[in-house]
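Spelled out from the first residue to the last, the chains are:
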Amino acid sequence: MKISIIDIGSNTIKLVIYDVREDNSFIGIHQESTKVRLGESLAFSDSLSEQSILKSIDVLLLYRDIIRLESANKVVCVGTSAVRESKNGKYFIDQVLKKTGFKVRVLSGEEEAYYSYLGASMATCIPNGLFFDLGGGSLELVYTEDFKVKKAQALPLGALRLTRTFASQDGSFSKKDCDNMSQKILDTLPTKKGYGIGIDASLVGAGGTLRALGRADQKRAGFPFEKVHNYRLKLSTIESLRKDLSTLKPSEISSRWPIDSTRVETIVAGIYVIHSIMKKFDFDEIIISGYGIREGILASLIHSPSVLENHNIESLEKQVAKLLSYHCHKHDISNFGLDDMVHNMIYYGLLKEREVEILSYALYTLSTIPATNKYYSLFYRLLDEDYPQLTYREQVILALSIIYSKKIRIGEELFHKYSHLLKPQNLKSLQKIALLLNLTRIILKTRSQIRIRLTENKNVIFTVIPTQKSFPSILLKQIIEKAGRIFDIPVQYYIPDRTNRLRNSMNNIISLKSQL
């Protein structure tokens with residue numbers, strides 16, 4: 001099934017067509033973004049200009065043709081701050097319905113915050129954090145603890161709104177303009193104490209301005225991947241970008257920086273908002289989400305269409321908590337029955353918590369992707385995937401671990417190629433994960449049982465209890481021999497004969513589900 005989401009913002013109108021699968025997961029298959037500046041007039045007026053209304057309708061007619069060509073089954077069209085705040089917002093909605101057939105659902109500021117948070121959190125799975133979505137007309141802020149929303153609000157701090165209020169006629173900012181804008185932002189933002197932000201909270205951001213800054217920093221640093229989701233920006237980087245860009249005219253930014261035309265006029269104001277958030281709430285790093293309001297609306301719609309129709313914030317709040325509780329735990333390693341084994345390995349100091357996290361995503365990935373011997377293509381495909389809670393470095397380790405488990409030579413070649421993104425100890429981590437992937441593959445395919453224990457003289461013993469007569473014991477021996485070298489500790493394995501299996505099936509035996 002194909003579902004189209006149209007997002008009518010203050011600066012741009014966006015269309016994304018999603019392919020929704022049988023398990024309710026989805027992927028974007030077509031995307032359009034057009035700068036219309038619908039909310040531009042709201043900086044000096046209380047109404048949308050007739051020119052911007054007509055331009056928006058022309059864009060929506062184009063989008064209607066695209067949607068029909070792609071045979072989308074359903075269309076959802078939402079309006080945010082520009083439509084919500086304008087005096088003639090109803091007139092705009094009526095004209096859109098009359099000329100395009102699209103029914104515009106106008107979201108409240110709180111709804112916009114919730115949907116943006118849902119979309120971003122499904123792709124980052126960070127339980128405790130301050131989330132923001134910076135648009136053209138407004139800034140949405142959401143603070144959460146254990147995926148439960150504690151605070152949610154929309155503030156009049158959109159990048160287009162601030163640009164039209166404080167920038168000069170040519171779109172540039174003087175030092176005084178920047179100072180006045182900065183003070184306005186700081187005065188409008190709530191306090192850290194008022195939000196009750198905990199020390200373990202992370203800062204997650206969404207929106208075109210932040211993504212543009214992420215891409216600009218990647219280009220400047222020579223980053224090799226064309227992907228901004230889950231990219232980290234340091235406060236020092238934001239300060240450097242603010243210093244470099246704030247004195248330039250939009251035309252100069254466009255010619256000197258890899259920032260697309262829809263962002264050059266609002267990028268300076270956007271940097272000041274982001275910098276102020278980081279400083280006022282005391283964050284030294286921001287995680288970029290490539291997902292936001294459109295994905296949140298789609299996830300909500302798939303789960304229960306009535307929530308979007310009824311505009312009930314309590315129902316939306318419950319829905320968000322339920323969706324995130326399911327989505328952000330479905331890749332847990334318990335799905336593969338490995339809990340006891342890996343927990344013992346952590347206890348014995350053989351694995352680290354983050355290595356287990358990467359292993360869980362690697363197991364899930366191998367259970368869902370088709371088999372292939374095109375390992376270079378597989379590696380780059382894995383880098384293009386989105387893995388919640390994994391940093392860029394950890395995603396590279398995951399991809400290398402999977403390749404290493406299949407072809408060591410290619411894994412080593414790719415490790416050396418991208419070693420500048422890694423640390424020396426990461427080689428040991430990916431070798432451990434690759435070995436466990438191969439061990440798990442044997443156990444799952446033979447439906448065997450396994451346990452692990454550490455002897456008094458610090459030897460590790462794997463006990464494998466097959467349920468079938470035919471068992472790849474030579475292959476298992478090869479893997480265990482590698483384990484001794486990788487874990488740098490004597491490792492043995494034991495396969496009881498059929499008469500001893502029942503007697504040896506003691507505590508800590510792990511029954512593994514066949515998912516690989």
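Residues numbered from 1 in each chain as written. Predicted model: local features only at pLDDT ≥ 70, side-chain atom pairs only at ≥ 80, totals over all residues. Heavy atoms only, no water.

1. Observations regarding the layout of surface pockets
Next up, step 1: Space inside the second largest pocket adds up to approximately 600 Å³.
Next up, step 2: In this structure, the second largest pocket is lined by 26 residues; those nearest its centre are Ser-405, Lys-406, Ala-434, Asn-438 and Arg-441.
Next up, step 3: Of all the elements in the fold, those that place two or more residues in the lining of the second largest pocket are α18 (392-406), α20 (426-446) and α21 (473-487).
Next up, step 4: Residues of the lining of the second largest pocket, tallied by class, amount to 15 nonpolar, 5 polar and 6 charged. (1 Å grid on protein atoms, 1.4 Å probe; cavity = no way out; pocket = protein on both sides within 12 Å on 5 of 7 lines; lining within 4 Å. Points joined across faces, edges and corners; volume = space filled by probe spheres on them. Helix = DSSP H or I, 4+ residues; strand = E, 2+ residues; numbered from the N terminus. Nonpolar A, V, L, I, M, F, W, Y, C, P; charged D, E, K, R; others polar.)

2. Things to note about the environment of Val-78
Next up, step 1: Mapped onto the fold, Val-78 is located in strand β4 (residues 74-79).
Next up, step 2: The class for Val-78 is buried, based on a relative accessible area of 1%.
Next up, step 3: A C-alpha to C-alpha distance of 29 Å links Val-78 and Gly-171, two positions 93 residues apart in sequence.
Next up, step 4: When neighbours within four sequence positions are excluded, Val-78 is seen to be in contact with Ile-6, Asp-7, Ile-8, Val-104, Arg-105, Leu-107 and Ile-297. (Buried < 20%, exposed > 50% of the residue type's maximum accessible area, 1.4 Å probe, protein only. Contact = heavy atoms within 4.5 Å.)

3. Side note on the pairing of strand β2 (residues 12-20)
Next up, step 1: In terms of residue burial, β2 counts as a mostly covered element, since 8 of its 9 residues are buried.
Next up, step 2: Looking at chain direction, strand β1 (residues 2-8) and β2 are connected through 7 bridges and run antiparallel. Bridged to Ile-3 within β2 is Tyr-18.
Next up, step 3: Hairpin connection between β1 and β2: a loop of 3 residues separates the two successive antiparallel strands.
Next up, step 4: The pairing of β2 with strand β3 (residues 26-35) spans 9 bridges and is classified as antiparallel. (Pairing = 2+ DSSP bridges.)

4. Structural notes on empty space enclosed by the protein
Next up, step 1: Counted according to the given criterion, the structure contains 4 cavities of 30 Å³ or more.
Next up, step 2: Forming the boundary of the largest cavity are Ser-10, Gly-39, Leu-42, Ala-43, Ser-81, Ala-82, Glu-85, Gly-136, Gly-137, Leu-160 and Arg-161.
Next up, step 3: Secondary-structure elements contributing two or more residues to the lining of the largest cavity are α2 (81-85) and α5 (159-166).
Next up, step 4: The leading source of residues in the lining of the largest cavity is α2, at 3 residues.
Next up, step 5: Its residues placed into classes, the lining of the largest cavity shows 4 nonpolar, 5 polar and 2 charged.

5. Some thoughts on the packing of helix α16 (residues 353-368) against α20
Two quantities define a packed helix pair, namely the angle between the helix axes and the distance between the axes.
Next up, step 1: Relative orientation of the contacting elements α16 and α20 amounts to 45°, with a least axis distance of 10 Å. Taken together, α16 and α20 sit at an angle that is classed as oblique. α16 and α20 meet at a crossing whose hand is right-handed. Contacts from Glu-355, Ile-358, Leu-359, Ala-362, Leu-363 and Leu-366 of α16 reach α20 at Ser-429, Lys-432, Ile-433, Leu-436, Leu-437 and Thr-440.
Next up, step 2: By residue class, the composition of the contact of α16 with α20 is 8 nonpolar, 2 polar and 2 charged. (Axes fitted to C-alpha atoms, helices over the stretch in contact; angles between N-to-C directions. Parallel < 35°, antiparallel > 145°, perpendicular 65-115°, else oblique. Left-handed = near helix turned anticlockwise from the far one by under 90°.)

6. Side note on the sheet that holds strand β11 (residues 285-288)
Across a sheet, strands are paired by hydrogen bonds formed along the backbone, either parallel or antiparallel in direction.
Next up, step 1: Strand order in this open sheet of 6 strands is β8-β7-β6-β9-β11-β10, and the pairing throughout is mixed. The open sheet has two edge strands with one neighbour each: β8 (148-155) and β10 (232-234). Taking the axes of each pair of neighbouring strands and ignoring which way they run, one obtains an average angle of 25° across the sheet.
Next up, step 2: Pairing analysis gives 6 bridges linking strand β6 (residues 129-134) to strand β7 (residues 139-145), with the strands arranged antiparallel. By the bridge assignment for β7, Leu-130 is matched with Tyr-143.

7. Let's talk about the nonpolar core
Next up, step 1: By size, the foremost hydrophobic cluster in this structure holds 112 residues, and its most contacted members are Leu-130, Phe-132 and Leu-139.
Next up, step 2: When neighbours within four sequence positions are excluded, Leu-139 is seen to be in contact with Phe-132, Asp-133, Leu-134, Gln-153, Ala-154, Leu-155, Leu-157, Gly-158, Leu-189, Val-273 and Ile-277.
Next up, step 3: Counting residues in each nonpolar core, the second largest holds 36 residues, with Val-16, Tyr-114, Ile-126 and Val-320 among its members. (Core = buried A, V, L, I, M, F, W, Y, C linked by side-chain atoms within 4.5 Å.)

8. Some thoughts on the side chain of Ser-56
Next up, step 1: Inspection of the secondary structure puts Ser-56 in helix α1 (residues 50-69).
Next up, step 2: Of the polar contacts made by the side chain of Ser-56, one reaches the backbone oxygen of Ser-52; its length is 2.8 Å.
Next up, step 3: Ignoring sequence-local partners within four residues, the contact set of Ser-56 consists of Ile-13, Val-36, Leu-38 and Phe-92. (Polar contact = N/O pair within 3.5 Å; in protein donor to acceptor, adjacent residues only side chain to side chain.)

9. Some details on the pairing of β8
Next up, step 1: In terms of strand pairing, β7 meets β8 through 7 bridges, oriented antiparallel. Each bridged residue has a counterpart across the sheet, and for Glu-145 the counterpart in β8 is Lys-148.
Next up, step 2: Here β7 folds back onto β8, and the loop between the two strands holds 2 residues, one of which, Asp-146, carries a positive phi near 55°.

10. Details of the sheet that holds β3
Next up, step 1: If you trace the 5 strands from one edge of the open sheet to the other, you get β3-β2-β1-β4-β5, paired in mixed fashion. Because the sheet does not close on itself, it has two edges, and the strands there are β3 and β5 (104-106). Ignoring strand direction, the axes of neighbouring strands in this sheet form an average angle of 20°.

11. Focus on unusual backbone geometry
Next up, step 1: At Phe-147, a residue that is not glycine, the phi angle is positive and equals roughly 65°.
Next up, step 2: Mapped onto the fold, Phe-147 is located in the loop between β7 and β8.
Next up, step 3: Of note in the backbone geometry, Gln-389 takes a positive phi value of approximately 75° without being a glycine.
Next up, step 4: Gln-389 gets classed as partly exposed once you look at its relative accessible area, which sits at 28%.

12. Regarding the confidence of the model for the protein
Next up, step 1: Residues of the protein with pLDDT of at least 70 account for 95%, and the chain-wide mean is 90.
Next up, step 2: Note on residues 498-516: pLDDT is under 50 here. Beyond four places in sequence and across chains, it has 54 contacts. (pLDDT = per-residue confidence, 0-100.)

13. A look at the state of the cysteines
In a disulfide, the sulfur atoms of two cysteines are covalently bonded to one another.
Next up, step 1: Taken as a whole, this structure holds 1 disulfide when the rule is applied.
Next up, step 2: Two residues, Cys-125 and Cys-328, share a disulfide whose sulfurs are 2.2 Å apart. The sign of the -85° torsion about the S-S bond sets the Cys-125-Cys-328 disulfide as left-handed. Here Cys-125, found in the loop between α4 (109-124) and β6, pairs with Cys-328, found in the loop between α14 (313-327) and α15 (339-347); they are 203 residues apart in sequence, far enough to count as distant. Across the pair, exposure class does not vary: Cys-125 and Cys-328 are buried alike. (Disulfide = S-S within 2.5 Å.)

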